[in-house]
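Spelled out from the first residue to the last, the chains are:
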Amino acid sequence: MYGSICMIKCSFAPCHANSPFDVKCIHRSFVFLICTMFQNRNLKKYKLHHFFFWMLVFGLWYYLRYQDYRTTGTALQITLLKVTDLALLVYITNYLLIPKLLYKRRYLTFAGIFILLIVASAVLKVFMIGKILDQPQLFSLSGSLKTSLYENVISDFFLVMAGAAFRLIFDY
């Protein structure tokens, strides 16, 4: 569907209608918007494909986990926290750690910083989730801190490693 629109050379002539709600003018503006948005150079220039990917991850994560929380607002906050955390970890790993450490053959330094980054992120995330859910026992040693950290560290480790694998595949 979008392929045929994108094959058209986009040119935009301003609307000279008497009404600002002229259907032909709105249709032409919408087609122009879609055409320019899906042109490859605009996607790459503004990194829109990254935005669309993370919005897809957000929507999928919310859809799969929203019933675990009492309110929709809480589910949205937790989902936003987890997806933002994951995106931050993936971008730090792919754009900082891999080029600066892994490609320069500093493997132990890469592994140490990577693991430290994952653990620090998990600790911060468990603390923030405890604040959002108003459950400070999530972060106490007598509570379920060990279980919460374990679940967050393991999932983040494998998800960020998958993101790093994409970087390594595309680079070679």
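First, a word on scope: everything that follows refers to the structure included in this document.

Reading the values: rules and limits
Residues numbered from 1 in each chain as written. Predicted model: local features only at pLDDT ≥ 70, side-chain atom pairs only at ≥ 80, totals over all residues. Heavy atoms only, no water. Salt bridge = Lys/Arg side-chain N within 4 Å of Asp/Glu carboxyl O. Helix = DSSP H or I, 4+ residues; strand = E, 2+ residues; numbered from the N terminus. Phe/Tyr/Trp six-rings, centres within 6.5 Å; stacked < 30°, edge-to-face > 60°. Buried < 20%, exposed > 50% of the residue type's maximum accessible area, 1.4 Å probe, protein only. Axes fitted to C-alpha atoms, helices over the stretch in contact; angles between N-to-C directions. Parallel < 35°, antiparallel > 145°, perpendicular 65-115°, else oblique. Left-handed = near helix turned anticlockwise from the far one by under 90°. Contact = heavy atoms within 4.5 Å. Core = buried A, V, L, I, M, F, W, Y, C linked by side-chain atoms within 4.5 Å.

### Quick notes on the pattern of salt bridges
Thought 1: Within the structure shown, the criterion is met by 4 salt bridges.
Thought 2: A salt bridge links Lys125 to Asp85; the shortest N-O distance between them is 3.2 Å. You can see Lys125 sitting in helix α6 (residues 107–132) and its partner Asp85 sitting in helix α5 (residues 72–102), a full 40 residues away along the chain.
Thought 3: Three or more residues are tied together by salt bridges with common partners; here these are Asp85, Lys125 and Asp156.

### With respect to the packing of aromatic side chains
Thought 1: Taken as a whole and judged by the stated rule, the model has 10 aromatic pairs.
Thought 2: Each ring, one from Tyr62 and one from Tyr66, has its centre 5.6 Å from the other, and the planes form 25°; the classification is stacked.
Thought 3: On the accessibility criterion, Tyr66 (40% relative accessible area) is partly exposed.

### Brief notes about the packing of helix α4 (residues 48–65) against α5
Thought 1: Taken N-terminus to C-terminus, the directions of α4 and α5 make an angle of 140°; their axes are 9 Å apart at the nearest point. Overall, the two elements α4 and α5 adopt an arrangement that is oblique. In terms of crossing hand, the pair formed by α4 and α5 is right-handed. Listed contacts from α5 to His50, Trp54, Val57, Phe58, Trp61 and Tyr62 of α4 are Thr72, Ala75, Leu76, Thr79, Leu80, Lys82, Val83, Leu86, Ala87, Val90, Tyr91 and Tyr95.

### Describing the nonpolar core
Thought 1: Of all hydrophobic cores here, the largest spans 16 residues; its most connected members are Trp54, Phe110 and Val160.
Thought 2: Of all the elements in the fold, those that place two or more residues in this core are α4, α5, α6 and α7 (145–171).
Thought 3: It is α5 that provides the largest number of residues to this core, a total of 9 residues.
Thought 4: Excluding its chain neighbours within four sequence positions, the residues that come into contact with Val160 are Leu86, Leu89, Val90, Thr93, Phe114 and Ile118.
Thought 5: Within the second largest apolar cluster, 7 residues are counted, among which are Tyr62, Tyr69, Leu81 and Ile129.

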